[in-house]
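Residue-level structure breakdown
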Amino acid sequence: MKNATATAAKKTTTAKTPATKTTAAKSTAAKSTAAKTTATKSKTASKSTSSKGIVKAKSSAADGLRELFVDSLKDIYWAEKALTKALPKMAKNATSENLIAAINDHLTVTQNQVTRLEQVFEIVGEKAQAKKCDAMEGLIKEGESIIEETEAGPVRDAGIIAASQKIEHYEIATYGTLCAFAKTLGENDAMELLAATLAEEKEADVTLTEAAYNTINFDAAEADEK
Ligand SMILES: [Fe+2]
Ligand SMILES: [Fe+2]
């Protein structure tokens, strides 16, 4: 009996050994992968970031406020143009008459804002050029996902309002900054045009909030309860 127990114990030990080896081998592999990753990371870091986390600028980087202002104009020019394509999709997928009207109204406003930006470019003596705005691309994609993830009706409408308000808030932040930049640069005519757009974005945000509080979110909550 003793022998049998001893053998069993031996077997258990033997059985454990390869597993331990495997674990050890895995851990060595993991260590070497980690070391490689660290090496790669530090290589990348040395390219654009110093050891203190300070990012080195690209050779094309803006070296003055005017350049940063023009870059931001190009960014929002791309965003407004992208919105002229995204808004009709949102309107098509909305159900509430109020919401559809609000989106279509803002589409016309947005088309005018594109033209207004072209005037701003002209005033500051720059060519109207669009530069891809990663933030707006993401916000539009988020709106599309909300539509895909909801059934048509009040819940989808509530989702469309939520996505639209994120877009309006991004625009409000952008135009607020652009106004401040224009003022600092003494571009008063450009500032007036940018301030007109800023006011429109704020108005759109209020309209969406009213739509949400007055009808849509209330209906959406009711639909959830059913
Ligand atoms: Fe806009
Ligand atoms: Fe807007």
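For clarity, every value in this text was computed on a predicted model and none was experimentally measured.

Calculation rules
Residues numbered from 1 in each chain as written. Chains lettered and ligands numbered in written order. Predicted model: local features only at pLDDT ≥ 70, side-chain atom pairs only at ≥ 80, totals over all residues. Helix = DSSP H or I, 4+ residues; strand = E, 2+ residues; numbered from the N terminus. Expected span 1.5 Å × (residues − 1). Core = buried A, V, L, I, M, F, W, Y, C linked by C-beta atoms within 7 Å. Buried ≥ 20, exposed ≤ 12 C-beta atoms within 10 Å, placed from the backbone. Contact = placed C-beta atoms within 7 Å. Arc of directions from axis to C-beta. pLDDT = per-residue confidence, 0-100.

1. Some remarks on helix α5 (residues 154–184)
- The terminal C-alpha atoms of α5, which comprises 31 residues, lie 45 Å apart, in line with the 45 Å expected from a rise of 1.5 Å per residue.
- Just downstream of α5 lies G186, where phi reads positive at about 75 degrees.

2. So, the nonpolar core
- Formed by 38 residues in total, the largest nonpolar core has its most connected members in L73, L99, I161, L178, A182 and L194.
- If you list the elements that add at least two residues to this core, you get α2 (65–93), α3 (97–123), α4 (134–148), α5 and α6 (188–225).
- Dropping the residues within four chain positions of it, I161 is found in contact with L99, L208, A211, A212 and I216.

3. Thoughts on α4
- If you check α4, its first and last C-alpha atoms are 21 Å apart, about what 15 residues at 1.5 Å a residue would give, namely 21 Å.
- Within the span of α4, buried status applies to M136, L139, I140 and G143. Take α4 and look down its axis: the buried residues cluster within an arc of 95 degrees, on one side only. Of the exposed residues in α4, those oriented more than 90 degrees away from the buried face are D134, G138, K141, S145 and E148.
- Here the buried face of α4 lies against α2 and α5.

4. Re the confidence of the model for the protein
- Considering every residue of the protein, the mean pLDDT works out to 83; 75% of them sit at 70 or more.
- Looking across the protein, the model is least confident in helix α1 (residues 2–48), with a mean pLDDT of 47, and most confident in α4, with 98.
- Contacts from residues 1–26, a stretch scored under 50 in pLDDT, to residues over four places away or in other chains number zero contacts.

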